Amino acid sequence: MPLIYLDHLSATPLHPKVKEAMTQHLETVFGNPSSDNQVGQPAAAALEKARAQVAALINAEPKEVVFTSGGTEANNHALKGVAIGLREKGRHIITSNIEHKSVLNSLRTLRLLDYRVSSLDVDQYGLVDPAAVEKAITPETILISVMLANNEIGTIEPIADIAQIAQKHKIVFHTDAVAATGIIPVDVQKLGVNLLSLAANQFYGPAGVGALYIRKGTPIWPLLDGGLQENKRRAGSENLIGIVGLGAAAEAAAQEMPMNLPRIKALKERLAKGLIAGIPEIKVNGHPEQCLPHLFSASVTYIEGESLMMLLEDEGIIVNTRSACASGSLRASHVLIGTGLDHALAQGTLVFTLGRDTTEAGIDHVLAVMPGIVQTLRDMSPIYKKEHTA
Amino acid sequence: MAYSPIVMDHFKNPRNVGEILDADGLGEVGNPVCGDMMSVYIKVVDNRLEDVKFKTFGCGAAIAVSSMITSMAKGKTLEEALKISNADVAEALGGLPPNKLHCSNLGADALHSAIKNYQDRKSGKVKPLSLEIDKEPHVKGTGGGKCYCPYCETKVDDEAHFCMSCGQELPHEHDH
């Protein structure tokens, strides 16, 4: 049986069209887009083509797209750039408790520089309450940052509602749309955001490249200082080969989304229903409807996620766990704890992310083997014994 | 750092899983907040560990450590078993990733705690074994006091709040 890859959150395989575009670029272009000569011109053309492709995916103007080294840099740029840009106006920033580490740790750095941060609680589904955002606003508030969709539980936040509040109070609004862009329709006009982060490796482009959408007129200081690249917003010679890949991935995502979405949704439904029916006492995380269509997060009681993940891999199934043991940091996921899960339950959390290569047969294999693996681990677990002999 | 082949073998085919219903000693350490929880059951005949079994909630390393330490302890005298250290278990497993060394601490702690439980019961300090009543409070790892930064795997001070090598905040809700 071929590998059943259900961890598209960590990395996506290159789309064939992305591979083709990057290969062709590698073989024909080497110039610097900033060079005003016949070697530089094809490079500049490739750069601007990719910019237009990304802009089209999110309904932006091409000049509002700034290429970055990925989602992390885009988030760092948005938060630190606005903080520096508006330092005279105020030093208060509003965010949520379940943001990606690149947002939370950027804010940690800003705290060291005497910015104040209000981090809002979420409900049991991981939803941010727009009314709570409005309540947290002070005359000092310069920036609100709430993610479009959460990368661990899939919950899609009411971004358009929060953006309206931000607009009303004339506060810059950033959304980290890394987990959502290329998967679901993302339209910066409908969302009404000033800044939006995206990354190619979430939608079949290469890792190490992303973009920050900067609405015209948004006050933001560069993160990287240097030359005049990216309309003076991001210095440094462009990662052109990556950018070409991002552009091709954006175009392919826009084209294939209408076809892929219903198929992925149906497969996720099959996985969710099958696991709930086949494994007693599991808890589904995230919002039941407002959720990324390719992400399914569930916490399996009485057992720990890393051992479950490793036994699934033995069956050729690759998934992600939010267990503290596997996190590298040995901490329970702040997202799961934020939605009210206790530590033991958070330990047993798996995240399945489906992709364009996921098949019904692959899902059925998961459904066939996972209940047995869970039972093996539960039979080994001292907590399971206690609850089930009582 | 990935797990060694010995760790993978003991994780996938764990030895001595289960309970001993008429156990002479029970050691329970860890809690699910830390990530790992281990129960070790011992049967003692003529001062020797005739049987050792375990139940573990935890990661691959925790399960492999449980399997290895119970295998190592079986047949040993109590004195010999008490000498099995965290380092011995980690070494027998072909090494553990530095940020998983705390799992081996838990293994030795659970075994030693089971032996102590047996000795206490024999000397009348605690009542005869009732599986649900005998509980050791969570014992902190005693393995030489070595802590590793989970981010960069540099050795860090026990009480440090930041790793001096990579600057990351160090978790302290987790046992070392």
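All values reported here derive from a predicted model rather than from experimental measurement.

A. Layout of the overall build of chain B. What chain B contains, in helices and strands, is 5 helices and 5 strands. Overall, chain B shows an N-to-C arrangement of helices and strands of α-β-β-β-α-α-α-α-β-β. Sorting the 176 residues of chain B into buried and exposed places 52% on the buried side. Pairs at least 24 residues apart make up 59% of the contacts formed inside chain B by residues separated by at least 6 positions. Accessible surface, chain B as shown: approximately 7800 Å² in total, 54% of it carbon and sulfur.

B. The domain arrangement of chain A, seen in detail. All names here are of chain A. Along its sequence, chain A is organised into domain 1 (4-10 + 259-388) and domain 2 (16-253). The centre of domain 1, based on its C-alpha atoms, is set 29 Å off from the matching centre of domain 2. Listed as interface residues are 25 residues of domain 1 and, on the opposing side, 28 residues of domain 2. Here domain 1 meets domain 2 over a buried area of about 2200 Å², counting both sides, of which 62% is carbon and sulfur. The tally of links from domain 1 across to domain 2 stands at 7 residue pairs in polar contact (both at pLDDT 80 or more). Taken together, the elements giving at least two residues each to the side of domain 1 that touches domain 2 come down to β10 (295-300) and α10 (334-338). Element by element, the count of residues in the side of domain 1 that touches domain 2 is highest for α10, at 4 residues.

C. Structural view of the sheet that holds strand β4 (residues 116-120) of chain A. Residues and elements named next belong to chain A. Pairing within the open sheet is mixed, and its 7 strands lie in the order β2-β8-β7-β6-β5-β3-β4. Where the open sheet ends on each side, the last strands, each with one partner, are β2 (65-68) and β4. The mean angle between the axes of side-by-side strands here comes to 20°, regardless of whether they run parallel or antiparallel. Judged from the 5 bridges that link them, strand β7 (residues 195-199) and strand β8 (residues 210-214) form a sheet pairing that is antiparallel.

D. A look at the sheet that holds strand β9 (residues 282-285) of chain A. All names here are of chain A. Pairing in this open sheet of 4 strands is antiparallel, and the strands run β9-β10-β13-β12 from one edge to the other. Two strands in the sheet have a free side with no partner beyond their single neighbour: β9 and β12 (320-321). Helix-sheet contacts for helix α8 (residues 240-278) involve β9, β10 and β13 (349-353), and the interaxial angle to β10 is about 10°.

E. Helix α1 (residues 5-12) of chain B, seen in detail. Turning to α1 of chain B, its buried residues are Val 7, His 10 and Phe 11 of chain B. Down the axis of α1 of chain B, the buried side of the element spans an arc of 105°, and every buried residue falls inside it. On its buried side, α1 of chain B packs onto α9 (305-314) of chain A together with α2 (60-73) of chain B.

F. Highlighting the environment of His 8 of chain A. All names here are of chain A. Within the secondary structure, His 8 is located in the loop between β1 (4-5) and α1 (16-28). Taking the C-alpha atoms as reference points, His 8 and Ile 318, separated by 310 residues in sequence, lie 9.6 Å from one another. If sequence neighbours within four positions are ignored, His 8 has contacts with Pro 13, Asn 201, Gln 202, Tyr 204, Thr 353, Leu 354, Gly 355, Asp 357 and Thr 358. Within the structure, the side chain of His 8 is placed 3.4 Å from the backbone nitrogen of Gly 355, a separation counted as a polar contact.

G. Seen up close, the side chain of Thr 358 of chain A. All names here are of chain A. With respect to the secondary-structure elements, Thr 358 resides in the loop between β13 and α12 (360-380). Judged by relative accessible area, which is 5%, Thr 358 ranks as buried. Here Gly 355 takes part through its backbone nitrogen, which lies 2.8 Å from a polar atom of the side chain of Thr 358.

H. Fine view of the side chain of His 15 of chain A. Residue and element names in this part refer to chain A. Here His 15 shows up in the loop between β1 and α1. A polar side-chain atom of His 15 sits 2.8 Å from a polar atom in the side chain of Glu 256. Ignoring anything within four residues of it in the chain, the contact list for His 15 reads Tyr 204, Ala 252, Glu 256 and Arg 356.

I. Looking closely at the packing of aromatic side chains. Residue and element names in this part refer to chain A. Per the counting criterion, the structure on display carries 2 aromatic pairs over all chains. The ring of Tyr 115 carries the charged tip of Arg 91 above its face, separated from the ring centre by 4.4 Å. We note Arg 356 situated over the ring of Tyr 204; from NZ or CZ to the ring centre the distance is 5.6 Å.

J. View of the pairing of strand β3 (residues 48-57) of chain B. Here strand β2 (residues 36-45) of chain B runs beside β3 of chain B; their pairing, made up of 9 bridges, is antiparallel. Counterpart to Met 38 of chain B in the pairing with β3 of chain B is Thr 56 of chain B.

K. Layout of the packing of α9 of chain A against α2 of chain B. Running from N to C, α9 of chain A and α2 of chain B cross one another at 90°; their axes reach a closest spacing of 7 Å. Relative to α2 of chain B, α9 of chain A is oriented roughly perpendicular. Where α9 of chain A approaches α2 of chain B, its residues Glu 306, Ser 307 and Met 310 of chain A are matched on the opposing element by Gly 60, Ala 61 and Ile 63 of chain B. Residues that form the contact of α9 of chain A with α2 of chain B fall into these classes: 3 nonpolar, 2 polar and 1 charged.

L. Representation of α9 of chain A within the structure. Residue and element names in this part refer to chain A. Counting buried residues along α9, 7 of its 10 residues qualify, which places the element largely inside the surrounding structure. Looking at α9, one finds that the buried residues are Gly 305, Glu 306, Ser 307, Leu 308, Met 310, Leu 311 and Leu 312. A side-chain oxygen of the first residue of α9 lies 3.0 Å from the backbone nitrogen of Glu 306; this N-cap is Glu 304. Two residues or fewer past α9, Gly 316 is found with a positive phi of approximately 80°.

M. Here's a closer look at the pairing of β8 of chain A. All names here are of chain A. Most of β8 sits inside the fold, with 5 of its 5 residues counted as buried. Side chains Gly 210, Leu 212 and Ile 214 of β8 all project onto a buried face; the interleaved residues Ala 211 and Tyr 213 project onto the opposite face, where all are buried too. In the sheet, β2 pairs with β8 via 4 bridges, with the strands oriented antiparallel. From the neighbouring strand, Val 66 faces β8, where its bridge partner is Leu 212.

N. Structural view of the packing of α1 of chain A against α8 of chain A. Residue and element names in this part refer to chain A. At a closest axis distance of 8 Å, the pairing of α1 and α8 adopts a crossing angle of 150°. What the angle tells us is that α1 and α8 run roughly antiparallel. Considering the relative orientation of α1 and α8, their crossing is right-handed. Residues Lys 17, Val 18, Ala 21, Met 22, His 25 and Leu 26 of α1 form the contact with α8, whose own contacting residues are Leu 240, Ile 241, Gly 242, Val 244, Gly 245, Ala 248, Ala 249, Gln 255 and Glu 256. A per-class count over the contact of α1 with α8 returns 9 nonpolar, 4 polar and 2 charged.

Thresholds applied
- Residues numbered from 1 in each chain as written.
- Chains lettered and ligands numbered in written order.
- Predicted model: local features only at pLDDT ≥ 70, side-chain atom pairs only at ≥ 80, totals over all residues.
- Heavy atoms only, no water.
- Helix = DSSP H or I, 4+ residues; strand = E, 2+ residues; numbered from the N terminus.
- Buried < 20%, exposed > 50% of the residue type's maximum accessible area, 1.4 Å probe, protein only.
- Contact = heavy atoms within 4.5 Å.
- Areas by Shrake-Rupley, 256 points an atom, 1.4 Å probe, with all protein chains shown as cover.
- Domains from an automatic or database assignment.
- Buried area = accessible area lost by both parts, 1.4 Å probe.
- Polar contact = N/O pair within 3.5 Å; in protein donor to acceptor, adjacent residues only side chain to side chain.
- Pairing = 2+ DSSP bridges.
- Axes fitted to C-alpha atoms, helices over the stretch in contact; angles between N-to-C directions.
- Arc of directions from axis to C-beta.
- Phe/Tyr/Trp six-rings, centres within 6.5 Å; stacked < 30°, edge-to-face > 60°.
- Lys NZ or Arg CZ within 6 Å of the ring centre and 35° of its normal.
- Parallel < 35°, antiparallel > 145°, perpendicular 65-115°, else oblique.
- Nonpolar A, V, L, I, M, F, W, Y, C, P; charged D, E, K, R; others polar.
- Left-handed = near helix turned anticlockwise from the far one by under 90°.

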